[in-house]
Amino acid sequence: MRHGHFLKLLLAGALALPMLAGVARANPLILFDLKSGKILEHQDAFKRWYPASLTKLMTAYVTFRAIAAGEVTLDSPIKVTKHSAGEPPSKMGFKPGSVMRLDNALKMMLVKSANDIAMAVGENIGGTQAAFADRMNAEAARLGMTGTHFVNPNGLYSPDQYTTARDLALLVMAIRGEFPQYAPWFSIEGLAVGKKALPNYNLLIGRYPGADGMKTGFVCSSGFNMIGSATRNGRTLVAVVLGEKSAVSRAETAAKLLDQGFDTPATGSTTLAALPSYGDTISANDLHDEICKKKTKAEQSEAAPAPAKDAPKSPYQVKLDHPTLVAVGLGGADGPTPKAMLDQAGQEYADVPLPSWRPDIPAPTGAEPAAAGTAAAAAQGDQPVKVAN
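This write-up is about the structure you can find in this document. If you're wondering where the values come from, they're calculated on a predicted model, not measured in any experiment.

## Considerations on the overall build of the protein chain
Here is step 1: Assigned secondary structure in the protein chain consists of 9 helices and 12 strands.
Here is step 2: For the protein chain, buried positions account for 52% of its 389 residues.
Here is step 3: In the protein chain, the proportion of contacts linking residues at least 24 apart, taken out of those at least 6 apart, comes to 71%.
Here is step 4: When the accessible surface of the protein chain is summed, it comes to about 17000 Å², and 57% of that surface belongs to carbon and sulfur atoms.

This is the structure we're talking about:
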């Protein structure tokens, strides 16, 4: 028994070593081939981590499954509830009762990383936040995401919402494999809301050769997370990077992994599904103090900050000259109402507007939804962010 246990630990330790040459890294990561699921490199792949807005990939997956099951269509109305309107930034800032097409809602959620829209999608598809979280967890279990648990659809911090790099890789495999028709949504360079341009926080898009997805995330406790994918010569690789210290460093780390992967023959034999669990799979690192007590507000940003004077500029800080923008907005929703938003008589639930603050008492910061496209509407997770125009 002891000998077998020793061999198991030895195997796990060997598998945990990076398979590609490079500088040792401190946080979870995984690099894999999308088509085969074969792993090229991994580190702390089963370490519990706060997903932040990478959560929205599962929200999208549950919604894609709902569309495929005939529950909703891309033209279905997504109504902003009073609860979703009250979510903190990043957000679009639409008022309670506002209605948009589901496909526009998903694009706002994936590109702008809007927390209010992600919550609205969850509540409309699931009926309540808790019911939608149940669906998220059911899908995670079905996909074999053994180290994952969800409580909300947008990724705002909760100690009970966590995942792993390996589990996120399984989710990416499912999304890209089952729903290739939505792949272009993950590589949108930016959104146009009226006259306002909202750039994609994924700094690989438009800058890294072949970049075609997928999502970023940030809250203080998680640090800067990223899933970046790229395709070259018919080969698609995906890098999952968790807990980086800035928006730029996560893009640089993902790019370096992808570069190494494209320079390496596809000789790996271990797949995501077959990778045995290793390391500490229970405790989660909390980077709150390191990220948000030691950095300025400008550094606590999904948007790439301007480089310091006379400092070399990262290629991922370069502003896109003429980004391709996809127009989104309210209205046009003429598809079937999500069944979860109807009562047994087929009538829509009432949605009471948010009360106004008393005129003699100043409203607390962030209490009212921001106007769409304003600087107040451009943040990620629970941290303020500057809009890059």
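## Here we look at unusual backbone geometry
Here is step 1: With an omega of 10 degrees, the peptide bond between P89 and S90 qualifies as cis.
Here is step 2: Take S90: it is sitting in the loop between α3 (82–85) and β4 (99–101).
Here is step 3: A cis geometry characterises the amide bond from G213 onward to M214, with omega recorded as -5 degrees.
Here is step 4: With respect to the secondary-structure elements, M214 resides in strand β7 (residues 211–219).

## So, the state of the cysteines
Here is step 1: Counting across every chain of the model gives 1 disulfide.
Here is step 2: One disulfide in the model links C220 with C292; its S-S distance is 1.9 Å. Its torsion about the S-S bond being -90 degrees, the disulfide of C220 and C292 is classed as left-handed. Of this pair, C220 sits in the loop between β7 and β8 (223–232) while C292 is found in helix α9 (residues 288–292), placing the two residues 72 residues apart along the sequence.

## Focus: the packing of aromatic side chains
Here is step 1: Within this structure, the stated rule accounts for 9 aromatic pairs.
Here is step 2: Taking the centre distance of 4.0 Å and the plane angle of 10 degrees together, the rings of F64 and Y182 count as stacked. Of this pair, F64 sits in helix α2 (residues 55–68) while Y182 sits in the loop between α7 (165–178) and β5 (190–193), and the two are 118 residues apart along the sequence.
Here is step 3: Residue F64 is classed as buried on the basis of its relative accessible area, which comes to 1%.
Here is step 4: The exposure class assigned to Y182 is buried, which follows from its relative accessible area of 7%.
Here is step 5: Seen in terms of ring centroids, F179 and Y182 are 6.1 Å apart; in terms of plane orientation they differ by 45 degrees. Their pairing is tilted.
Here is step 6: Given a relative accessible area of 7%, F179 falls into the buried group.

## Brief notes about the pairing of β7
Here is step 1: Counting buried positions along β7 gives 9 out of 9 residues, so the element sits mostly inside the fold.
Here is step 2: Relative to β8, β7 runs antiparallel, the two being bridged by 8 bridges. Opposite V219, over in β8, you have G223 as the bridge partner.
Here is step 3: Here β7 folds back onto β8, and the loop between the two strands holds 3 residues.

## Let's talk about the packing of α2 against helix α5 (residues 115–126)
Geometry of a packed helix pair, given as the angle between the helix axes and the separation of the axes.
Here is step 1: Contact geometry for α2 and α5: axes closest at 11 Å, N-to-C directions at 35 degrees. The two elements α2 and α5 cross, and the hand of that crossing is left-handed. Here α2 contributes K56, T59, T63 and A66 to the contact with α5, which in turn contributes N115, A118, V121 and I125.
Here is step 2: Across the contact of α2 with α5, the residue classes break down as 4 nonpolar, 3 polar and 1 charged.

## Some details on the sheet that holds strand β2 (residues 39–43)
Here is step 1: Taken in spatial order, the 5 strands line up as β2-β1-β9-β8-β7 in an open sheet, and their pairing is antiparallel. A single partner strand is all that each edge strand has here, and the edge strands are β2 and β7. Going across the sheet, the axis of each strand differs from the next one's by a mean of 5 degrees, ignoring polarity.
Here is step 2: Sheet topology note: the strand β1 (residues 29–33)/β2 ladder contains 4 bridges and is antiparallel. Within the sheet, the bridge partner assigned to F32 lies in β2 and is I39.

## Things to note about the sheet that holds β5
Here is step 1: The sheet built from 3 strands is open, its strands ordered β6-β5-β10 with mixed pairing. The outermost strands of the open sheet, each flanked by one partner alone, are β6 (196–199) and β10 (325–327). Within the sheet, the average angular offset between the axes of one strand and its neighbour, ignoring direction, is 30 degrees.
Here is step 2: Relative to β10, β5 is paired through 3 bridges, and the arrangement is parallel. Bridged to G190 within β10 is L325.

## Some points on the side chain of R166
Here is step 1: Mapped onto the secondary structure, R166 falls in helix α7.
Here is step 2: A polar contact of 3.4 Å, which involves the side chain of R166, links it to the side chain of D167.
Here is step 3: With near-sequence residues (within four places) excluded, R166 lies in contact with I30, A45, F46, G144, T146, L272, A273 and L275.

How each quantity is defined
Residues numbered from 1 in each chain as written. Predicted model: local features only at pLDDT ≥ 70, side-chain atom pairs only at ≥ 80, totals over all residues. Heavy atoms only, no water. Helix = DSSP H or I, 4+ residues; strand = E, 2+ residues; numbered from the N terminus. Buried < 20%, exposed > 50% of the residue type's maximum accessible area, 1.4 Å probe, protein only. Contact = heavy atoms within 4.5 Å. Areas by Shrake-Rupley, 256 points an atom, 1.4 Å probe, with all protein chains shown as cover. Disulfide = S-S within 2.5 Å. Phe/Tyr/Trp six-rings, centres within 6.5 Å; stacked < 30°, edge-to-face > 60°. Pairing = 2+ DSSP bridges. Axes fitted to C-alpha atoms, helices over the stretch in contact; angles between N-to-C directions. Left-handed = near helix turned anticlockwise from the far one by under 90°. Nonpolar A, V, L, I, M, F, W, Y, C, P; charged D, E, K, R; others polar. Polar contact = N/O pair within 3.5 Å; in protein donor to acceptor, adjacent residues only side chain to side chain.

It is worth stressing that arrangement in space is one thing and function is another; only the former is reported here.
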